[in-house]
There are 2 protein chains.
Amino acid sequence: MQKLTIVKIGGNIIDDEPQLSAFLQEFANIEGAKILVHGGGKLATNMSTKLGIETQMVDGRRITDAETLKVVSMVYAGWVNKNITAKLNALGAASVGVCGVDGGSIPAQKRPVVTVDYGFVGDVDAATINIPFFQLLLDGGYIPVVAPITADAAQLLNTNADTIASCLAIALSLYYSTGLVYCFEKNGVLKNVEDSDSVIEKLDEKTYHSLRKSGGIVKGMIPKLDNSFIALDNGVQEVIIGNSAHLSQLLTHQSGTRIVLT
Amino acid sequence: MQKLTIVKIGGNIIDDEPQLSAFLQEFANIEGAKILVHGGGKLATNMSTKLGIETQMVDGRRITDAETLKVVSMVYAGWVNKNITAKLNALGAASVGVCGVDGGSIPAQKRPVVTVDYGFVGDVDAATINIPFFQLLLDGGYIPVVAPITADAAQLLNTNADTIASCLAIALSLYYSTGLVYCFEKNGVLKNVEDSDSVIEKLDEKTYHSLRKSGGIVKGMIPKLDNSFIALDNGVQEVIIGNSAHLSQLLTHQSGTRIVLT
């Protein structure tokens, strides 16, 4: 099977022009088929503040009301997506910026209200990804650059970028030997959150669950790690979590945390 | 040659939900290959106002400063483009929202400063359109929905949607029998701008130039008509200008103005 590398970036790097450019140069150098999934950085929050939209949080999670949906759609699928795509094209890495709406590529369902109404938030499922759409772009020689906006039949929906990356990886692992790389601002999954050098080189599912029980995994890491194990359980070849500043070392296992089943 | 219909919409319809939905239903019904090019409506102006960005105009033309570029990129390539694309997909018309950045589809040059510095405005050229990119989408069964944002090697650029539509039509007329339809809020090119029923059914280049000389063509129509004649001069089969509320009648010559060379 052909190799496919799916990289997800989020956090501060998106707002930091020199860091982002350095990252994109390394990303452009990755051999073979690749997909970039991005979040939105602080720009969405800044834009909401400027527009006087209050960020509503419940249980540490952002509620997407109608005005917030407009802002995240504009920032993620408009400004950030097209800037990253233009930069990659300028580096000679032919790229197409899309979101889950385009080509019906990532169908979503508005999250049902159980105890909390998260608002215009989309839940996605690897089984419904429009694989031929991504193959069309990849086989055409283009890198899909994916913004985390989706839609159901009625409206756009805000969607978790980590989940989109893992769903894409799972779906495409049917046709490609797929590696998934979660990049963020830390050097990997840390034994001790205070010590940025305490990177766990290899994390298996059993260790993860015992660390999680003992409180050794910080809360923000849990969805990323859950997504990682789901990906590995469903055909994804390799999952790595690490610093966006070390992309090439992550790919050669010289940096970051390798997530493994056993 | 296969038939291709390129429709450009702009103006108030983009902000008017029921009108837009009715238009998109008619657009979805067009047989054969099709492309939709859209402007941004009033949302960009509203957003700029809310963000405290002053619209600078020189000679009736908007200057795109850095802040305005951000707003138009977000509104056109983000919110408007993804909403239209989601609506078409919901109608069963598989669509992909792109802008000129994606796939390097519509290369642009930042407009050189002659007497006026228009800021981050892109000039485009039919000869540099990435035709295979549009063929990839069209042959894949997708409708490209095109937002008027482009880029040069350095940055995103704001670009005239009428010009993008005519450049696309010219480039693709090498491979398709191409019709170009400019939709706006009037019923066509009017003999008398005060009388909405005074539609000129057929306008040739000679009549256009004499009407233009005598002041019979309103200023806002001039770029649209110039683009129309350039398109016809360069291989586009048919150009029609009319009301977005009458799309199907425009296509069957029961409404609007047909632009003809002689």
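Rules used throughout
- Residues numbered from 1 in each chain as written.
- Chains lettered and ligands numbered in written order.
- Predicted model: local features only at pLDDT ≥ 70, side-chain atom pairs only at ≥ 80, totals over all residues.
- Helix = DSSP H or I, 4+ residues; strand = E, 2+ residues; numbered from the N terminus.
- Rg over C-alpha atoms; globule rule 2.2 N^0.38 Å.
- Least-squares fit on C-alpha atoms with pLDDT ≥ 70 in both.
- Contact = placed C-beta atoms within 7 Å.
- Nonpolar A, V, L, I, M, F, W, Y, C, P; charged D, E, K, R; others polar.
- Axes fitted to C-alpha atoms, helices over the stretch in contact; angles between N-to-C directions.
- Parallel < 35°, antiparallel > 145°, perpendicular 65-115°, else oblique.
- Core = buried A, V, L, I, M, F, W, Y, C linked by C-beta atoms within 7 Å.
- Buried ≥ 20, exposed ≤ 12 C-beta atoms within 10 Å, placed from the backbone.
- Pairing = 2+ DSSP bridges.
- Expected span 1.5 Å × (residues − 1).
- pLDDT = per-residue confidence, 0-100.

1. Here we look at the overall build of chain A
Link 1 in the chain: Looking only at helices and strands, chain A features eight helices and 14 strands.
Link 2 in the chain: For 262 residues, the compact-globule formula gives about 18 Å, and the C-alpha radius of gyration of chain A, at 17 Å, lands near that figure.
Link 3 in the chain: Along the first, second and third principal axes, the C-alpha atoms of chain A reach 45 × 40 × 35 Å.

2. Things to note about the relation of the copies chain A and chain B
Link 1 in the chain: With an RMSD of 0.0 Å, chain A superimposes on chain B once it is rotated by 180° and translated 0.0 Å along the axis. Viewed as a symmetry operation, the transformation between the two copies matches a two-fold axis. Minimal C-alpha distance to the rotation axis in chain A is attained by Gly 78 of chain A, lying at 1.8 Å.
Link 2 in the chain: Residue by residue, 100% of the interface of chain A is reproduced at the interface of chain B, so both copies engage with the same surface.

3. A look at the interface of chain A and chain B
Link 1 in the chain: The partner chain B presents 31 residues to the 31 residues of chain A that form the contact.
Link 2 in the chain: Elements with a minimum of two residues in the side of chain A that touches chain B: α3 (66–90), β5 (95–99) and β9 (149–151) of chain A.
Link 3 in the chain: Grouping the amino acids of the side of chain A that touches chain B by side-chain chemistry returns 18 nonpolar, nine polar and four charged.

4. Considerations on the packing of helix α5 (residues 161–172) of chain A against helix α7 (residues 221–233) of chain A
Residue and element names in this part refer to chain A.
Link 1 in the chain: Interhelical geometry of α5 versus α7 gives an angle of 5° and a closest axis separation of 9 Å. In terms of their interaxial angle, α5 and α7 are classed as roughly parallel. Together, Asp 162, Thr 163, Ser 166, Ala 169 and Ile 170 of α5 and Pro 223, Lys 224, Asn 227, Ile 230 and Ala 231 of α7 make up the contact between the two elements.
Link 2 in the chain: Split into classes, the residues belonging to the contact of α5 with α7 amount to five nonpolar, three polar and two charged.

5. Some remarks on unusual backbone geometry
In terms of backbone geometry, most residues other than glycine have negative phi values and most peptide bonds are trans.
Link 1 in the chain: Phi at His 253 of chain A takes a positive value of approximately 60°, unusual for a residue other than glycine.
Link 2 in the chain: Among the secondary structure elements, His 253 of chain A is positioned in the loop between α8 (247–251) and β14 (257–260).

6. So, the nonpolar core
Link 1 in the chain: Judged by nonpolar contacts, the single largest core of 174 residues is most densely connected at Val 75 and Leu 168 of chain A together with Val 75 and Leu 168 of chain B.
Link 2 in the chain: Residues within four places of Val 75 of chain B in sequence aside, it is in contact with Met 74 of chain A together with Gly 40, Leu 43, Ala 44, Met 47 and Val 80 of chain B.

7. Points about the pairing of strand β11 (residues 176–184) of chain B
Residue and element names in this part refer to chain B.
Link 1 in the chain: With eight of its nine residues buried, β11 lies for the most part within the structure.
Link 2 in the chain: Of the pairings in the sheet, the one linking strand β1 (residues 2–9) to β11 comprises eight bridges and is parallel in character. If you follow Ile 9 over to β11, its bridge partner there is Cys 183.
Link 3 in the chain: As judged from the six bridges shared by β11 and strand β13 (residues 238–243), these two strands associate in the parallel manner. The partner of Leu 180 across the bridge, within β13, is Val 239.

8. A look at the pairing of strand β5 (residues 95–99) of chain B
Residue and element names in this part refer to chain B.
Link 1 in the chain: Among the five residues that make up β5, five are buried, leaving the element largely enclosed by the rest of the structure.
Link 2 in the chain: Pairing of β5 with strand β8 (residues 143–147) involves five bridges; the strand directions are parallel. Residue Cys 99 lies in a different strand from β8, and its bridge partner there is Ala 147.

9. Concerning helix α5 (residues 161–172) of chain B
All names here are of chain B.
Link 1 in the chain: A rise of 1.5 Å per residue sets the reference length of α5, with its twelve residues, at 16 Å; its end C-alpha atoms lie 16 Å apart and thus fit the reference within 8%.
Link 2 in the chain: Across the twelve residues that make up α5, a large majority, twelve, are buried.
Link 3 in the chain: When we look at burial in α5, the residues that qualify are Ala 161, Asp 162, Thr 163, Ile 164, Ala 165, Ser 166, Cys 167, Leu 168, Ala 169, Ile 170, Ala 171 and Leu 172.

10. Remarks on the sheet that holds β14 of chain A
Sheet strands line up and pair through hydrogen bonds in the backbone, either parallel or antiparallel.
All names here are of chain A.
Link 1 in the chain: Pairing is mixed across the open sheet formed by eight strands, whose spatial order is β5-β8-β2-β1-β11-β13-β14-β12. Looking along the sheet, the strands with just one partner apiece sit at the ends: β5 and β12 (202–204). Across this sheet, the average inter-strand angle for adjacent strands is 20°, counted without regard to direction.
Link 2 in the chain: Of the strand pairs in this sheet, β12 and β14 are connected by three bridges, and their pairing is parallel. In the strand pairing of β14, Asp 204 is matched with Val 260.
Link 3 in the chain: Where α3 meets the sheet, its contacts fall on β2 (33–38), β5 and β8 (143–147), and the angle it forms with β5 comes to roughly 165°.

11. Things to note about the environment of Glu 185 of chain A
Residues and elements named next belong to chain A.
Link 1 in the chain: Positionally, Glu 185 belongs in the loop between β11 (176–184) and β12.
Link 2 in the chain: With 59 residues separating them along the chain, Glu 185 and Ser 244 place their C-alpha atoms 6.5 Å apart.
Link 3 in the chain: Not counting chain neighbours up to four residues away, the residues in contact with Glu 185 comprise Gly 11, Asn 12 and Asn 243.

12. Concerning α7 of chain A
Residue and element names in this part refer to chain A.
Link 1 in the chain: The end-to-end C-alpha separation of α7 is 18 Å, in line with the 18 Å expected for 13 residues at 1.5 Å each.
Link 2 in the chain: Along α7, the positions that sit buried rather than exposed are Met 221, Lys 224, Leu 225, Asn 227, Ser 228, Phe 229, Ala 231 and Leu 232.
Link 3 in the chain: Against α5, β11, α6 (205–213), β13 (238–243) and β14 lie the buried residues of α7.
Link 4 in the chain: Just downstream of α7 lies Gly 235, where phi reads positive at about 100°.

13. Structural notes on the sheet that holds strand β2 (residues 33–38) of chain B
Residue and element names in this part refer to chain B.
Link 1 in the chain: Spatially, β5-β8-β2-β1-β11-β13-β14-β12 is the arrangement adopted by the eight strands of the open sheet, whose pairing is mixed. Edge positions in the sheet fall to β5 and β12 (202–204), since each has one partner strand and no second. Pairs of neighbouring strands in the sheet enclose a mean axial angle of 20°, with direction left out of account.
Link 2 in the chain: Against the sheet, helix α7 (residues 221–233) touches β11, β13 and β14 (257–260), its axis set at about 155° to β13.

14. Observations concerning the confidence of the model for chain A
Link 1 in the chain: On average, residues of chain A carry a pLDDT of 95, and 100% of them reach 70 or more.
Link 2 in the chain: Of the two predicted TM-score estimates for the complex, the pTM is 0.97 and the ipTM is 0.96.

15. Here we look at the environment of Gly 235 of chain B
Residue and element names in this part refer to chain B.
Link 1 in the chain: Mapped onto the secondary structure, Gly 235 falls in the loop between α7 and β13.
Link 2 in the chain: The sequence separation of Gly 235 and Thr 178 amounts to 57 residues, and the corresponding C-alpha distance is 8.2 Å.
Link 3 in the chain: Those residues in contact with Gly 235, other than ones at most four positions away along the chain, are Ile 170, Ser 173 and Leu 174.

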